[in-house]
Each structure stands twice: as C-alpha cells, then as structure tokens.
Amino acid sequence: MSATRVLVLNSGSSSVKYQLLDMRDSSRLAAGLVERIGEETSRIRHTPLASGGETRESVGPVADHEAALKAVAEELSRDGLGLDSPELAAIGHRVVHGGRTFTEPTVIDDTVLAEIERLIPLAPLHNPANLTGIRTARALRPDLPQVAVFDTAFHTTMPEPAARYALDVATADEHRIRRYGFHGTSHAYVSRATARLLGKAPEDVNVIVLHLGNGASASAVRGGRCVDTSMGLTPLEGLVMGTRSGDVDPAVIFHLARVGGMSIDEIDTLLNKKSGLIGLCGDNDMREIRRRIDAADEEAKLAFDIYIHRLKKYIGAYCAVLGRVDAIAFTAGVGENASEVREAAVAGLETLGLAVDGALNAVRGDEPRLVSPADARVKVAVVPTDEELEIAAQAYALVKK
Ligand code: AMP
C-alpha cells in the first residue's frame, strides 16, 4: 500500500491547527484545532471527516506544543488515522517566513531548521512557533519526511523594483529590509484556480488576487508568477485589515513616539492589533459592520468606505503594474462572502474593464465562480482559498518526486 496521506500542521504561538488529507482525491480525513496552549482552559476540537463522525471537543490544560501534538496524534488514532500509519507520506508545516532563502517547499533537515531559526528576527512571533511545531513532529515521527511550506515563497519572484524599499541600501541590506509578502500559499492557490476557471494555463493569465480575511493582502500575478504584493517586510503593510492599519505614513510612528509619548511596543500593538477596521469602528467582523451600516451607523460606514478606498487603490495600482489584467479574484472570509465588498471595490472602475453582475455576485457558494457580466473585459471571480490543500499538495509533490 503506498503512502498517500499528508498531515498539515499550522503551529501558532498558542495554537495548532491541523488537517489530514488523502492526496489520491484531495479529500479531508480529519481536521481540528488545539487552542490556548499553555493555559488551564486549552481546548481541543477534532472532526473525523472521513467517518462523518461528530466533532469531539475537550477542555483541559495542554501544557505546550509537544502535549498539543500528542493530543492531536491521540485524536487521529481514535479514528484509525494515527501518526504511526504507514499511509502517512509526509507532514507539511506552514512556516511564515522563509526570507530570500526559501523559494520553494523544502524537506526539513537540520540545516533547514537552522536557517528558519536564523530568520526569526524577521518573524519574531511566528517562526519560533512554527519551529516548535516542526521539532515536536520530528520527535514523534523521525523517519517521516517533514516539509516546510513558506508563506513568503510565492512572492520571491517579485522583481527588485517591487521588492525593494527606497531606503539607504547598506542599512536595508544589513537588516534584510525588503518586501517579502505573506499569504503566499493562498495567492498561489487562488491564482492557479482562477486560471483554471478561465479555462487557461496559469502561464497565459494575469490575475490580481485579493485575499481579504482578518489579515488582507493583494497580489499581482503575471503568468503564474507574483510580480507585486501589498504586504511588505511584515504583514502590516498594504490593505486595511481587521486589526492592522495597512499603509500609513511612517512618520506617524515618530509622531506617536515624540508627541504622543508612546513606546515602540505600544505603537506596534496600536498598528497591528488596535487599528484597521477595529480601530476605526470597534468591530473587525465584516458581517457586524454590514449590520451596523444597515442600521445607519455612520462610524461603521466610514470604516467600510476607508477599507474600500484602499482596496480600490491597490486594484488600480496592480492594473498599472500588470498592464493587461485577465481577472480579479476575491478570496478568504471577506472576499468569498461579502458581496457588498466586491461590488463596492469595482464600482466606478468600468474604464478599467471591471464590473460585477448584481445577480451573479449575490449568489453564495463554495465553488470558484465568475461574478462579472458575460461580456466583461476583465473577469471578476470568487475563488475560495484552501491553504491546507495547497500545503499538502506541495509537500506531497516533493516527497513523491
Ligand atoms: P479569514 O481570516 O479568512 O478566516 O476571514 C475572517 C473574516 O471574514 C471575519 O473576520 C469576517 O470579517 C469575514 N467574514 C466571514 N464570514 C463572512 C460573511 N458571511 N460575510 C461577511 N464577512 C464574513
């Protein structure tokens, strides 16, 4: 029996999300989440999808990532899908920052671990958690290939004019300051799925991908390769997000420090956690914002309008970067669900060939679909993202080589 299963692990600082997939048909066998690791009230939620069983949930202390992964392994074993199964081909790990080193999914060995560690200053919150997940999984199954799939990898094709900031070169180089971009797995998956939806090869298609979740980023993809993206050195740059400001004049930071008396850490928290939609109106969930707008709430309306204004600017910018645009693809929680966001983002952009069809845009669904009028020059697509499937597919392709 050949091994066709891949376990995908997304290890955060206090959580581990996982999915077990069978790559023969990309089906999901199990999925779950361990959260609040290190607290008394850690929670494990596991859904045995293959058997169609009920979601199991338990609350109780899970001390650390090692305990969390052991709990995951136990849950999987209860469904006959344990980590010791000979059908497991690989474990795929989401790793946030691959710097300029990792342009592709990579089988993990000690050298790779050391390099991910060297990149910690670029992702001080994420890479350590990813590393802990990898180390723990390696200890549990030392014989099994473990593959790192990097959030930044898809963006490493960005040409220098897009990737560089106009900073003093020596300083930028010394501190590895450049635009790396994030959400790369999603941008890769969605740009390819959009080409498929158009009945074309990725090489023949230019797409603007708008990943609009709680975090949000845009990318310009020419012939399957990323040529620009809105996130930069960190995920703070670019679009207005749930809790992040996106683009601000960097002098706002000096002003807050000098005039506002805020510390660097306070400003960091302000821009990453207390800005964006939540900073503007107190809510970061687009559903709630839409409810408030329907109830004539001015604050929510202004937050929505600022969000859309920024989005439009990036659509316009990426039309200019790409020259020819075949499609714009909306994805992630907001992009897939909020028809009002899609409609508002392209409103008034008819001169760029962009429009949505009201009836098509209102239809909800889980499948990739077009929401532009049949004769539209630039297609507008809604393409549900699937980062776990993309990570599993990349890991599997690598170990089956
Ligand atoms: P993600 O980070 O991709 O999981 O997206 C999460 C965000 O998607 C939430 O914070 C909401 O703002 C948004 N979202 C989820 N479902 C809906 C919906 N049905 N309508 C509008 N926005 C939604």
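All of these numbers come straight from a predicted model, not from anything done at the bench. Every chain is numbered independently, its residues counted from 1 as its sequence is written. The predicted origin of the model limits local features to residues at a pLDDT of at least 70 and limits the giving and counting of side-chain atom pairs to 80 or more, whereas totals for whole chains, interfaces and linings rest on all residues. Only hydrogens and water are set aside when side-chain values are computed; all heavy atoms of the structure are taken into account.

Visitor: In this structure, what is going on with the overall build of the protein chain? I would like to understand it.
Guide: Every helix listed is a DSSP run of H or I at least four residues long, and every strand listed is a run of E at least two residues long, numbered separately from the N terminus. Within the protein chain, the regular secondary structure consists of 15 helices and 14 strands. The atom set for the radius of gyration is the C-alpha atoms, and the globule formula is 2.2 Å times the number of residues raised to the power 0.38. The C-alpha atoms of the protein chain give 21 Å as radius of gyration, which agrees with the globular expectation for 401 residues (21 Å, within 12%). For the C-alpha atoms alone, the extent of the protein chain along its principal axes is close to 55 × 55 × 45 Å. For every residue, the accessible area obtained with a 1.4 Å probe (protein chains only) is divided by the maximum for its type, and the residue is called buried under 20%, exposed over 50%, and partly exposed between those limits. Put simply, the protein chain has 401 residues, and 52% of those count as buried. Residue pairs in contact within the protein chain that sit at least 24 positions apart in sequence constitute 62% of those at least 6 positions apart. Accessible surface computed for the protein chain: about 18100 Å², of which carbon and sulfur atoms make up 52%. In this charge count, Lys and Arg are treated as positive and Asp and Glu as negative; neither His nor the chain ends contribute. Every charge is mapped to an atom, namely NZ of Lys, CZ of Arg, CG of Asp or CD of Glu. Taking the 45 positively charged and 55 negatively charged side chains of the protein chain as two groups, their mean positions are separated by 3 Å. Contact between two residues is taken to exist if any of their heavy atoms lie within 4.5 Å; hydrogens are not considered. Each accessible area is a Shrake-Rupley estimate made with a 1.4 Å probe; only the visible protein chains count as cover when residues are assessed.

Visitor: I keep staring at the site of the ligand and nothing clicks. Help me out?
Guide: Residues in contact with the ligand, as listed here, are G213, N214, N284, D285, M286, R287, A332, G333, V334, N337, A338 and R364. A distance of 2.9 Å is found between an oxygen atom of the ligand and a backbone nitrogen or oxygen belonging to N214. For the ligand, the protein covers 70% of the area, taking 500 Å² as the surface of the free molecule. Counting residues per element, the ones that place at least two in the shell around the ligand are α10 (286-294) and α12 (332-337). For the shell around the ligand, the element with the most residues is α12, which contributes four residues. Of the residues in the shell around the ligand, the class split is four nonpolar, five polar and three charged. The cutoff for a nearby residue is simple: one of its non-hydrogen atoms must lie within 4 Å of the molecule or strand. Pairing of N or O atoms within 3.5 Å defines a polar contact, subject to two protein rules: one partner must be a possible hydrogen donor and the other a possible acceptor, and residues neighboring in sequence count only if both atoms are side-chain atoms. Ten residue types, Ala, Val, Leu, Ile, Met, Phe, Trp, Tyr, Cys and Pro, are classed as nonpolar, four, Asp, Glu, Lys and Arg, as charged, and the remainder, Gly among them, as polar.

Visitor: Quick question: what am I supposed to make of helix α2 (residues 110-118) here?
Guide: The periodicity of an α-helix, 3.6 residues per turn, causes residues three or four places apart in sequence to face the same way. V112, L113, E115 and I116 are the residues of α2 that are buried. Along the long axis of α2, the arc covered by the buried residues comes to 165°, so they all point the same way. Of the exposed residues in α2, the ones pointing more than 90 degrees away from its buried face are D110 and T111. Considering only its buried residues, α2 is in contact with β6 (88-95), β7 (106-107), α3 (126-140) and β8 (146-150). As used here, the arc is the angular range of directions from the helix axis to the C-beta atoms.

Visitor: What is the right way to read the pattern of salt bridges from this model?
Guide: Oppositely charged side chains can form a pair if their charged atoms are brought close together. We define a salt bridge as a contact between a side-chain nitrogen of Lys or Arg and a carboxyl oxygen of Asp or Glu at a distance within 4 Å. Here the structure, examined in full by the defined rule, presents 29 salt bridges. E237 is paired through a salt bridge with R179; the nearest N and O atoms lie 3.3 Å apart. Note that E237 is positioned in the loop between β11 (225-229) and α7 (251-258) and R179 in the loop between α5 (169-174) and α6 (184-197), a separation of 58 residues in sequence. For E237, a relative accessible area of 21% corresponds to the partly exposed category.

Visitor: When you look at the packing of aromatic side chains in this model, what are you seeing that I'm missing?
Guide: For Phe, Tyr and Trp, where Trp contributes only its six-membered ring, two rings pair if their centres lie within 6.5 Å, and the inter-plane angle classes them as stacked under 30 degrees, edge-to-face over 60, or tilted in between. Enumeration according to the criterion identifies two aromatic pairs in this entry. Both rings, one in F102 and one in F150, keep their centres 4.3 Å apart while their planes meet at 5°; by these two values the pair is stacked. Here the residue F102 occupies a position in the loop between β6 and β7, and F150 occupies one in strand β8, the gap between them amounting to 48 residues. Overall, F150 belongs to the buried group, its relative accessible area being 2%. Their ring planes at 75° and their centres at 5.7 Å tell us that Y314 and Y318 sit as a pair that is edge-to-face. Pair noted here: Y314 and Y318 are both in helix α11 (residues 298-322), with a separation of four residues, about one helical turn. The aromatic ring of F304 is capped on one face by R290, whose charged end is 4.7 Å from the ring centroid. Lysine NZ or arginine CZ positioned within 6 Å of the ring centre and within 35 degrees of the ring normal marks a charge as sitting over the ring.

Visitor: What exactly am I supposed to notice about unusual backbone geometry here?
Guide: For residues besides glycine, phi is generally negative; the peptide bonds are generally trans as well. A positive phi is found at H183, a non-glycine position, where the angle reads about 60°. Note that H183 resides in the loop between α5 and α6. Residue classification places H183 among the buried residues on the basis of a relative accessible area of 12%. The phi dihedral of A296 is positive, around 65°, even though this residue is not glycine.

Visitor: What is the right way to look at the environment of V346 in this model?
Guide: Looking at where V346 falls in the secondary structure, it is placed in helix α13 (residues 339-346). With a relative accessible area of 2%, V346 lands in the buried category. Distance in space between the C-alpha atoms of V346 and I308 is 9.2 Å, their sequence separation being 38 residues. Apart from residues lying up to four places away in sequence, V346 is in contact with L354, A355 and V356.

Visitor: Looking at this structure, how should I read the sheet that holds strand β2 (residues 16-22)?
Guide: Here the rule is simple: two strands pair whenever DSSP picks up at least two bridges between them. In spatial order, the strands read β5-β4-β3-β2-β1-β6-β8-β7; together these eight strands make up an open sheet with mixed pairing. Edge positions in the open sheet fall to β5 (56-59) and β7, since each of these has one partner strand only. Bridge analysis of strand β1 (residues 5-11) against β6 gives five bridges, and the strand direction is parallel. Within β6, the residue paired with V6 across the bridge is A90.

Visitor: I'm lost on the side chain of N206 in this one. Help?
Guide: Its location among the elements puts N206 in strand β9 (residues 206-212). Beyond its immediate chain neighbours, meaning those up to four positions away, N206 contacts V221, R222, G223, L322, R324, V325, D326 and A327.

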